[in-house]
Amino acid sequence: MERLQSHVLGRWHDAAGDLATLVDPTSESPIAVCGSGGIDFRAVLAFARDQGGPALAGLSFAERGKLLAGVAGAIHAKRDELIEVSIRSAGTTRGDAKFDIDGAIGTLTYYAGLGEKLGARTYLLDGAQVQLGRTPRFSGVHLCVPRRGVAVHVNAFNFPAWGMLEKAACALLAGVPVVEKPGTPTALLAWRIAREVVEHGGLPAGAFQFIAGSLGDLLDHLGPQDALAFTGSSATGAKLRGHPNLVRRNVRVNIEADSLNAAVLAPDVDPGSETFGLFVNNVVLDMTQKTGQKCTAVRRVLVPGDALSLVRDELVAALARIVVGDPADKATRMGPLASKSQLDDVRAGIERLARAGTIACGGAGPIRPQGYFVAPTLIVARDGRDPAFHAEEVFGPVAALLPYSGEAREAAVLVNLGGGGLVCSAYSNDAAWNQAFALEAAPWHGRVWLASDKMAEQALPPGMVLPQMVHGGPGRAGGGEELGAERGLSFYLQRTALQGFQGHLPT
Ligand code: NAP
């Protein structure tokens, strides 16, 4: 049994007091304990502000980029070992483990490259100088500098590698030290990664601290230069956003929460076409990859009414081919859910949706004697507008098939009933249909993904979050924004309007 430690104040801390037990979701055997008792969180923040912050802020973007490349290299060197840890502790198949770990390495590497591109400077300019006086002698420019605080990152259980390191990459490149708190059910993998980050020794003291367990009273000590970036459920996000100290001191908060992502098939798509094949493959991938525990996974599948039975049959046949079982077995395509509470939530969610439709395959019942397994489940809605399908995320291998008229605007209106999403995807070879859909769906989504025969062969799936493009979404999705190349740094930078003699302004 592993005993996870926190890395604070430059050393590993063994928890005092209560410990949470982590369980292998395949065998239900306890595998680790963790806790954060005995940590002085005020001192943790001071250590980051006093040591990590100045050390990072004193480096150029290129130098910080090199630090990220070093972290990426250290994790890559342990990739095989980390994949095994993920399989054992998070119930991921080998493919799902790689998705998380390679996503982390890829994002770090991307931001390392961005640092190199930004070069020797320590600040960024937002836009060009503007003339403010009669002549350009009196001008202004927007300057972005690292804030002199700490970035506290509260991460969800479903991406212990990628979720933690995409946030860390942006903050560290911006010049701000981080305190990382993983979701407890899968903290074993996050802790193993934290060990590599610490032991490779490339980061300045205080730049990276790691809490295995709860945050104690840490949020009470955040101040005006600090930032909290949270990923998890809307309920926890709302609680943290309303934390009295964060409200009183105007601490920056970014929330990445849940989302009822949708895939929409347009009426023009021929069932024999590449676009149709991509649609079926992507829906099945999203439902089953990481056992549906992906914030970007499709939860609602909109299909013109007259294509509903064809699509249902295609999806049911494809889902029947997904081998569910022990993730360590090479033939397995889908492992268990990550925890018992996940299993309970997903079963309750399936039962809730089934009351408003018909189960086409799967269901809430047990499928193996041991482990937190649930079958891939497709539910056909009686009424596409039924709020049951637009109100609550079921965070597992579950999707609902909803009929609609085939009209682009109606599709977007239905998709928007989700109340704000991370991503929605549409499949059409009709440019006018795709554009009409995109313009109507965009205000409610952080990302709109348009498929057609023209891009099918080289498309990366809509569930994949790319560092070049922003991630986040309005409303239910938390209202936050991450990544998107340089845009991902702005949460950690202070933008200041600098006005004065043109010759005194930075260029
Ligand atoms: P969660 O229960 O809300 O927990 C998220 C994180 O918040 C965990 O680290 C948790 O720690 C911590 N936490 C819970 N209560 C807290 C409190 N009072 N103070 C400080 N921290 C607290 O969510 P989850 O079950 O881990 O993750 C699943 C959810 O995340 C899904 O709804 C999914 O859609 C969403 N998600 C969103 C994105 C995105 O990018 N938008 C990405 C991934 C996941 P403990 O684990 O120790 O309780």
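Criteria and cut-off values
Residues numbered from 1 in each chain as written. Predicted model: local features only at pLDDT ≥ 70, side-chain atom pairs only at ≥ 80, totals over all residues. Heavy atoms only, no water. Near = heavy atom within 4 Å. Polar contact = N/O pair within 3.5 Å; in protein donor to acceptor, adjacent residues only side chain to side chain. Areas by Shrake-Rupley, 256 points an atom, 1.4 Å probe, with all protein chains shown as cover. Helix = DSSP H or I, 4+ residues; strand = E, 2+ residues; numbered from the N terminus. Domains from an automatic or database assignment. Contact = heavy atoms within 4.5 Å. Pairing = 2+ DSSP bridges. Phe/Tyr/Trp six-rings, centres within 6.5 Å; stacked < 30°, edge-to-face > 60°. Buried < 20%, exposed > 50% of the residue type's maximum accessible area, 1.4 Å probe, protein only. Lys NZ or Arg CZ within 6 Å of the ring centre and 35° of its normal. Axes fitted to C-alpha atoms, helices over the stretch in contact; angles between N-to-C directions. Parallel < 35°, antiparallel > 145°, perpendicular 65-115°, else oblique. Left-handed = near helix turned anticlockwise from the far one by under 90°. Nonpolar A, V, L, I, M, F, W, Y, C, P; charged D, E, K, R; others polar. Salt bridge = Lys/Arg side-chain N within 4 Å of Asp/Glu carboxyl O.

The ligand sits among 24 residues. The nearest are Thr-184, Ser-233, Thr-236, Glu-393 and His-471. Take Phe-157: an N or O atom from its main chain is 3.1 Å from an oxygen atom of the ligand. Within the complex, 79% of the 910 Å² of free accessible area of the ligand lies under protein. Elements with a minimum of two residues in the shell around the ligand: β11 (227-231) and α7 (234-241). When we break the shell around the ligand down by domain, the ones giving at least three residues each are domain 1 (2-257 + 480-504) and domain 2 (261-466).

Relative to the assigned elements, Thr-186 resides in the loop between β9 (178-181) and α6 (187-200). Not counting chain neighbours up to four residues away, the residues in contact with Thr-186 comprise Ala-90, Phe-157, Pro-160 and Ala-338. A distance of 2.6 Å separates a polar atom in the side chain of Thr-186 from the backbone oxygen of Phe-157.

Taken together, three strands build an open sheet; the order of strands is β1-β5-β4 and the sheet is mixed. This sheet does not close on itself; its edge strands, each paired only once, are β1 (2-3) and β4 (20-23). Where β1 lies against strand β5 (residues 30-34), two bridges are found, and the strand directions are parallel. Looking at β5, one finds that Arg-3 is bridged to Val-33.

Once that is clear, we can look at the packing of aromatic side chains. All told, the structure shown has nine aromatic pairs when counted by the stated rule. Judged by centre distance (5.8 Å) and plane angle (65°), the ring pair of Phe-159 and Trp-162 falls under edge-to-face. Of the two residues, Phe-159 and Trp-162, both sit in the buried class. Aromatic side chains Trp-433 and Phe-437 sit 5.6 Å apart centroid to centroid with 10° between the ring planes, which places their arrangement in the stacked category. One end of the pair, Trp-433, and the other, Phe-437, are both in helix α14 (residues 431-441), four residues apart, so they sit about a helical turn from each other. Exposure remark for Trp-433: the relative accessible area of 8% places this residue in the buried category. Through successive ring pairs, a cluster of aromatic residues spans Phe-276, Phe-279, Tyr-427 and Trp-449. The ring of Trp-191 is capped by Arg-195, whose NZ or CZ atom sits 4.9 Å from the centre of that ring.

Following both chains from N to C, one finds helix α2 (residues 61-77) and helix α4 (residues 94-118) inclined at 160°, their axes separated by 7 Å at the closest point. Between α2 and α4, the angle is such that the two are roughly antiparallel. The handedness of the crossing between α2 and α4 comes out as left-handed. Between α2 and α4, the contacting residues are Phe-61, Ala-62, Gly-65, Leu-68, Ala-69, Val-71, Ala-72, Ile-75 and His-76 on the first element and Ile-105, Leu-108, Thr-109, Tyr-111, Ala-112, Gly-115, Glu-116 and Leu-118 on the second. Here the contact of α2 with α4 is built from residues that sort into 12 nonpolar, four polar and one charged.

Along its sequence, the protein is organised into domain 1 (2-257 + 480-504) and domain 2 (261-466). Once you take the C-alpha centre of each, domain 1 and domain 2 turn out to be 31 Å apart. Taken together, the contact between domain 1 and domain 2 spans 23 residues of the former and 28 residues of the latter. In this structure, the connection of domain 1 to domain 2 is made through zero salt bridges. Here domain 1 and domain 2 share five residue pairs in polar contact (both at pLDDT 80 or more) between them. Counting residues per element, the ones that place at least two in the side of domain 1 that touches domain 2 are α3 (79-90) and α4. The leading source of residues in the side of domain 1 that touches domain 2 is α4, at four residues. Here the side of domain 1 that touches domain 2 is composed, by residue class, of 11 nonpolar, seven polar and five charged.

Looking now at the sheet that holds strand β19 (residues 445-451). Here seven strands make up an open sheet; going across it, the order is β15-β16-β17-β14-β13-β18-β19 and the pairing mixed. Of all the strands in the sheet, just β15 (357-361) and β19 have a single pairing partner and so form its edges. Pairs of neighbouring strands in the sheet enclose a mean axial angle of 20°, with direction left out of account. By the bridge criterion, four bridges tie β15 to strand β16 (residues 377-381) in an arrangement that is antiparallel. Its bridge partner being in β16, Ile-359 is matched across the sheet by Ile-379. Sitting on the sheet, α14 touches β13 (261-265), β17 (398-404), β18 (421-427) and β19, and the angle it makes with β19 is about 170°.

Let us look at the pattern of salt bridges. Applying the stated criterion across every chain yields a total of 15 salt bridges. Between Lys-78 and Glu-196 there is a salt bridge; the shortest N-O distance is 4.0 Å. Of this pair, Lys-78 sits in the loop between α2 and α3 while Glu-196 is found in helix α6, placing the two residues 118 residues apart along the sequence. Among the residues examined, Lys-78 registers a relative accessible area of 29% and is labelled partly exposed. Across the pair Arg-192 and Glu-196 runs a salt bridge, and its minimum N-O distance is 3.0 Å. Residue Arg-192 and its partner Glu-196 are both found in helix α6; the two are separated by four residues, about one turn of the helix. Comparing Arg-192 with Glu-196 shows no difference in burial state: the two are buried. By sharing partners, the salt bridges in this structure join Lys-78, Glu-81, Arg-192 and Glu-196 into a single network.

What follows concerns the packing of α2 against helix α5 (residues 162-174). At a minimum axis distance of 8 Å, the contact between α2 and α5 shows a crossing angle of 155°. Here α2 is positioned roughly antiparallel relative to α5, judged by the angle of their axes. Judged by the sense of rotation from one axis to the other, the crossing of α2 with α5 is right-handed. Residues Phe-61, Arg-64, Gly-65, Leu-68 and Ile-75 of α2 form the contact with α5, whose own contacting residues are Leu-165, Ala-169, Leu-172, Leu-173 and Ala-174. A breakdown of the residues in the contact of α2 with α5 according to their chemical character gives eight nonpolar, one polar and one charged.

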